[in-house]
Every structure is written in structure tokens, then in C-alpha cells.
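# Summary of the model geometry
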Amino acid sequence: MSAPLFTPFARTPESFTVGRELAAAAGLEAWAADFKLGTAGYRDLLDPDDLFNTDVPLNGLTLAIILEARARIAVEMGLGKLHVGGEVRPHTQEFIDLAARLYAAHGLEIHLRPESVRTTPIWLSSFGVFYDELDGGENFTASHSQSYKGGWKPMDETGGQLMEMAGQIADRVREMVTAAVDEGLEIRLAAADDPLIKRDFEPTAAYVDVLRQIVPADLLAAIPAAAADGFRAAFCTEGGSMGPSGRSIFGALGIDVDDAGPVFFTHEAESCDYHGIGIVDGVNHGVDPGKWQVYKHVGAQEMLAAEQCHVFFIWDPDGDRFNMVTTAPSSLAERAAAAGLEVDSLDADRCLVFFKPNQIYFMLTALKLDALAAAGELDEANWIVATTYPTSWSIGEIATRANEQTDAGLATFRVPVGFKYFAALVRDLEEQTAAGAADCTATDVTGVATSFGPRPRLLIMAEESGGASMGPAEAVASRDGNRRSLAAKEKDGMQIGVMSLCLAARLHTDGGSFAGFYLDQLERWDTCYRFYERRDVTLFDESLQGEERIAARAAGNARKEATVAFFASLVGQDPEAVTAILLEAMPEGAVLPTIERVFHAGDGTFMEFASQWFELRASGTDAVLRYYMEGADADTVAELNEAFTRLEIPGV
């Protein structure tokens, strides 16, 4: 074990100095040169067994420097109150303690969960920062990543991830490492029981009030009706932070979570390695519920086969990603597979049907649209369907078709990957409505402005990776009424879980299935974009440590930079020139559809074809290149995406 720099949970003040020798031994200058906050804050490798192991990039020393940078900037900006929470991965409690004590040493007032509650889902951290009118906060999470990775997601006073301040923190980290080498850097920690550290962060009741405004009452009413008919739904928490919060919120909604109720939990006990979920054949794939290594290995098939539940839902450890495993009549298997759903056999009467998050959000968009119309709220506001660029276009197609069929007046808007861009959109709309704008607008990264009208509301904000949120019909007030919010500033798996549960209950009562509902909606909205594919190309093994990691990372980054640069070079060229370049690099015999447009989508290169699109981007959270493609024909999508992953690119 490495020598500790401080004593976690100490009830006396402490301090330590980072000098030239420690900085050199820990490789701080090289670490700081690469440090940045990405689409989900900071996320990197840690040592589950050693908090102070400087052979990995995220450790007690590097985190202390990051938090010191955050604290200094907060004080300079006049911030006074911050929340700190986290999920269950290794050292999370020590990280929370470190942040609280370091911030308190700077005179900041810190708000933690009550003593009996260890964890905070990311959406509850975000909501509570807004509702309690704090100046910001953070959550220690690496979301769906492997348990050997740690993460830190800071947020502003609205509960959204930092935007401008993210770059300021990265710059300050580098300045402080330089100062440590030149003259030494002192880091002070208050006592763990300092009066500035308060355990009073509990916004759950207020969150439930808002949730009731987002999920229509008639949808919630479907749950007890289905329960009376024997309906049961399993929720897998993956050993993360959703157990306590989920139980509390379901209870407040009058939904029993027990052996006899309509809902029960699996893998509920908190586990820093997530009960081994996602480890298949000795390889750790992480705990993203959208990966088959997860949804096919959490016991869902066995429970559904034994009729212990009618649907199996999955949350990731910090509660922002969601997926499900369902059944359908065997008679639907062929149609479901032909429509792009993943289908496996189960028994003589039923098949298993697996959904991608995109397909779930497509269904929930249609469900919420109908609910708004039934409640008379659709015409009372200017509803927006917002997605990231590589999210399925089928979701936006609902808005387009609804406008063609009715006078719904729905708007669509796209942002780069990262929920912080949704948060920025919502903040901008909140400022415009507060100023009484007669027509609220937003401009996308390509420079195209969209007009929304005087009462913008968020029907859904969806990311293909598995995170989404919805907004209420009326703005929500904070605890003392000093703030107004049009929608959540973070992905909210609780919202999506409750909405999906409502739909499952309704389908159970009506004798339907998710597969049948999905097929009906495809036809109802005359959906063109039905076949979606994302291929992830791994750049290096992120579990490596020391010199081996440095070498592998350098090779992976070289490949990433060459590939990203190749596609970026296509932006601004006419379609004919792009076609010639791609055909030269593509495998022999590959077919390239007619290109209509190539542009930079904020974080990647985007190509539009007729009834098909593609995007290449480097992940901001994992060491992978992502190749996204969607279109009207499954074979064309698969063949072209495969060809793009095999391009002959100089330097790769």
C-alpha cells in the first residue's frame, strides 16, 4: 500500500504539501498536461485497493489537486454553498469526505446526505442543487464504467454540468501543479465534523412532487390496476445508488416495493464491484444496461421464463441510464426482428425482446405526446423534442409526423453528445422566458436558429447512450421560490423508469406487449429511421497501469487522433470530393450512397445521405471510437458502418 497523504474521516484538521519530489514521483506534470473535463466530468482509472496509488491517474493526490482548483475558483466567484454526493464504486466515501473537508477548509458550506444514507443518484444531486438553491455541487460517479474507474461530475447552481468553469478548473489544475514543482502547494482539510459540513441534503419529497407533474396521473393509475391483475416488474439496481432512492420514491407514489407489490428490486445491496455484473468470460465490459453483456447476464431471462416478473428493468449505478428486457407472443417474433428489435426464443408461447435505449425513448415520446393531448396540455405550450446528433432520428420523426397530422406545433432540436448541452439549452430558454420573450429561440452548432414560441417546454431530451429526461407543463419553483426550472439538467433514470413502468402496466392490462406497442408506433408515425447501429472500436485496455498503460494509451490516442482528423478533413468539402476520398479509403467492393451533406456536429463529423446518416466521434468517457449509423434498410446500415470501421486511414 502507498503512504497516505491524509487520514480519511479524521475529526481533526489536516494539511499536506505537494512539492517537487512528490510531484515527480507521482508524474503530476504529465497527468496535468492531459487533464480535462469531458462530456461527463472527469473519469479515469483508479486502484480499488489503494486510494493513494499514483501509478493510476485518479488517486487521493490528483483528486485533492482537482478539488483544490475547484475550491479556489468557487471562492473567487463568490460561491458559498455546495452539495457533494456519490454512488458506490471504490473509494467513493473517501472522495466525498475529501471534497467536503477541503471545501470546508476554504470556508464553503457543504451539504451531504443524512448520516444513514450513503449514496445519491446523479439526478437527485442535480435536482437538489437547484431546489435547495445551492451554488453548485458534484457527484462522484463514473456512471456505467467498470468499477476500476472512478469519476467526478461537478455541476453549477442549476444542477447542470459545468461549461465555462470546466476549462477554468483544468487550467487551474495545471497552474497549481506548476506551482507545486516550483514552490510547493499546501492543501488543507477541515475536520470531518466541521460545522460547515452539514448532513441535510434530502430533496426527495420535492422531487416526487415534480415527478407527479411529469408523469400524468392517468398513467400512474395504470399501475395499481395492473397490480390487482398480478402484474410484477423487476428493477435491477446493479448494486448501485438506486436502491434507497428508488424505494423511497416508489413508496411516495403509493407503489409497493416488496414480495407482494407490483415492483421488486434485484441486486439491491450496494456493491463496489456491482456484484460482478458485466464481467463475461473474464472480461469486464462495465455496467452499461444497454450492453448485451449486461442485459443478458443479470438474471432477467430466468425470471421472465419462470414468470416471476412480466418485465425486467435495469438502472446503472448512478441511475442515469436505463434499459429493459421484455417478452412478447411468439407470433410477433418475426415481425419484431424485421423491425430492428433483438429477439431470442423463450418458450413455446413467448419470445424475449430486447430494446435499445433509442427504441425506448421513441415509445415514451409517443406515450407522453398522447398523455399531453389527453390532459389538454399539448396546445397550452410549445413542446420541444430534443436529441443529441447521434440519437435515433425516429424520435424527431414523431414530432414531424404529428405536425403533419395535427396542429401540434412540436419543435425539434439537436445538440452535441453530453447532457450538459441539453442543460445549456434549458438554461437559455429559462432566461428568455424570465425576460418575457415573445418568441424563444436557440441556435444549434451548425448556426441554424430554431423558433420555439413564448412557452417552450421539454417533451423529452434523449441521448442514444441511454439517458433522458422530460419536463413538466409548468416551470418548477425552488424551495424559497428564487429559481424556476423548465426541465431537469441531468439524465434522470427515475423518470424514465416510472414512465416505462406505467406503459408496462397499461400493456399488461390491455393484453399487449412492448414489442407490439413499438410495431404499432412505427406504423402510426410512418417511421423511416428504423435501423440503428453503433460500433465501438476500443483504443486501448483502460485497466492497464504504469508504463504499460502509458504506452498503450499513446498508441490508442494516435489512432484516435488520426481517425478523427481524417473525418474532420471532410467537413467543408463538396459531396463529390468527399465521395472520392471515402471510396479511395473504403474496402474493395463497398458501396457508398449519395452524400447530401457533411458537417461538424460539435463533437464529431456527421454525414447525411438519403434516408440514412452517419457520425464518427471519440467518446468523452471511454477509450473508444464510436461509429453511429441509422437508416431505412438494415443491411445497408450494417454494411456501410462496417466499411467505415475498416477505412484505410494514414497513421492508423
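Coordinates for the structure precede this section.
Residues numbered from 1 in each chain as written. Predicted model: local features only at pLDDT ≥ 70, side-chain atom pairs only at ≥ 80, totals over all residues. Heavy atoms only, no water.

## Quick word on helix 16 (residues 419-434)
Basically, it comes down to this: The way it works is that DSSP assigns letters per residue, a run of H or I at least four long becomes a helix, a run of E at least two long becomes a strand, and they are numbered from the N terminus. For a helix, the expected span equals 1.5 Å multiplied by the number of residues minus one. The buried label goes to any residue with under 20% of its type's maximum accessible area, the exposed label to any with over 50%, and the partly exposed label to all in between, with areas taken from a 1.4 Å probe on protein chains only.
Between its first and last C-alpha atoms helix 16 spans 23 Å; for 16 residues at 1.5 Å apiece the expected length is 22 Å, and the two agree. What helix 16 keeps buried is the set F419, K420, F422, A423, L425, V426, R427, L429, E430 and Q432. Directly beyond the C-terminal end of helix 16, a positive phi value near 75° is found at G436.

## Some words on the sheet that holds strand 22 (residues 467-469)
What counts is decided by this rule: Between any two strands, at least two bridges found by DSSP are needed for them to pair. Helix axes use the C-alpha atoms of the stretch in contact, all axes being lines fitted to C-alpha atoms, and the angles between their N-to-C directions lie in the range 0 to 180 degrees.
Pairing is mixed in the open sheet, where four strands are placed in the order 18-17-21-22. At either end of the open sheet lies a strand with only one pairing partner, and these are strand 18 (411-415) and strand 22. Sheet twist, expressed as the average angle between the axes of neighbouring strands with direction ignored, equals 20°. Where strand 21 (residues 456-463) lies against strand 22, three bridges are found, and the strand directions are antiparallel. By the bridge assignment, A462 is partnered in strand 22 with A468.

## Side note on the layout of surface pockets
Applied cut-off: Of the grid points, spaced at 1 Å and generated over the protein atoms alone, those admitting a 1.4 Å probe that cannot get out make up cavities, while open sets with protein on both sides within 12 Å along at least five of seven lines make up pockets; any residue with an atom within 4 Å of a point is treated as lining. Grid points are joined across faces, edges and corners, and a volume is the space filled by probe spheres set on the points. Three categories are distinguished: nonpolar for Ala, Val, Leu, Ile, Met, Phe, Trp, Tyr, Cys and Pro, charged for Asp, Glu, Lys and Arg, and polar for the others, with Gly belonging to the last.
Taken as a whole, the second largest pocket holds about 1,000 Å³ of empty space. At the level of elements, strand 12 (283-284), helix 11 (292-295), helix 14 (357-374), strand 25 (531-538) and strand 29 (624-631) are the ones that each hand at least two residues to the lining of the second largest pocket. Per-element tally for the lining of the second largest pocket: the top contributor is strand 25, with five residues. By residue class, the composition of the lining of the second largest pocket is 12 nonpolar, 13 polar and 13 charged.

## Description of the state of the cysteines
Note the threshold: When two cysteine sulfur atoms lie within 2.5 Å, the pair is treated as a disulfide.
Counted under the stated rule, the structure contains zero disulfides. We note that C272 lacks a disulfide partner, and the nearest cysteine sulfur, in C236, lies 16 Å from it. For C272, a relative accessible area of 43% translates into the label partly exposed. Here C351 stays free of any disulfide, with the sulfur of C309 as its closest cysteine sulfur at 15 Å.

## Observations regarding the pattern of salt bridges
Selection rule: In the sections that follow, a salt bridge refers to a side-chain nitrogen of Lys or Arg positioned within 4 Å of a carboxyl oxygen of Asp or Glu.
Evaluation of the coordinates by the stated rule reveals 39 salt bridges. Two residues, R549 and D44, come together in a salt bridge whose shortest N-O distance is 2.6 Å. One end of the pair, R549, is in helix 19 (residues 546-568); the other, D44, is in strand 2 (residues 42-45), and 505 residues separate them in sequence. The residues R549 and D44 share a single accessibility class, namely buried.

## With respect to unusual backbone geometry
Positive phi, close to 70°, is recorded for F9, a residue that is not glycine. Along the chain, F9 falls in the segment before strand 1 (14-18). A relative accessible area of 43% places F9 in the partly exposed class. Even without being a glycine, S611 presents a positive backbone phi close to 60°. Relative to the assigned elements, S611 resides in the loop between strand 27 (604-609) and strand 28 (612-618).

## Section: the nonpolar core
Cut-off, in case you're wondering: Remark: nonpolar core denotes a set of buried residues (Ala, Val, Leu, Ile, Met, Phe, Trp, Tyr, Cys) joined through side-chain atoms within 4.5 Å. What makes two residues a contact is simply this: any of their non-hydrogen atoms within 4.5 Å.
F235, F250 and L501 are the most contacted members of the largest nonpolar core, which totals 86 residues. When neighbours within four sequence positions are excluded, F235 is seen to be in contact with F250, V263, F264, F265, T266, F313, W315, F322, G497 and L501. Counting 57 residues, the second-largest nonpolar core is a separate cluster that includes L67, V84, I96 and V173.

## A short note on the packing of helix 3 (residues 60-76) against helix 4 (residues 92-105)
Rules: Roughly parallel means an angle under 35 degrees; roughly antiparallel means over 145; roughly perpendicular covers 65 to 115; every other angle is labelled oblique. Crossing chirality is assigned from the near helix's rotation relative to the far helix, an anticlockwise turn below a right angle marking it left-handed and a clockwise turn marking it right-handed.
Closest axis-to-axis distance for the helix 3/helix 4 pair is 10 Å, and the angle between their directions is 40°. As far as their axial angle goes, helix 4 and helix 3 are oblique. Classified by chirality, the crossing of helix 4 by helix 3 is right-handed. Contacts between helix 3 and helix 4 involve G60, L63, A64, L67, E68, R70 and A71 from the first element and F95, L98, A99, L102 and Y103 from the second. Broken down by class, the residue content of the contact of helix 3 with helix 4 amounts to nine nonpolar, one polar and two charged.

## Describing the environment of V353
Along the chain, V353 falls in strand 16 (residues 350-354). The exposure class assigned to V353 is buried, which follows from its relative accessible area of 1%. Residues V353 and A337, spaced 16 residues apart in sequence, show a C-alpha to C-alpha distance of 8.7 Å. Residues contacting V353, with those up to four places away along its chain left out, are V325, T326, A328, L341, E342, V343 and A515.

## Some words on helix 10 (residues 242-252)
Listing the buried residues of helix 10 in full gives M242, G243, S245, G246, I249 and F250. Tucked into the core, helix 10 has its buried residues touching helix 5 (122-131), helix 7 (204-214), strand 9 (233-236), strand 10 (263-266), strand 13 (311-315) and helix 17 (493-510). Where helix 10 terminates, the next one or two residues include G254, which has phi positive at roughly 80°.

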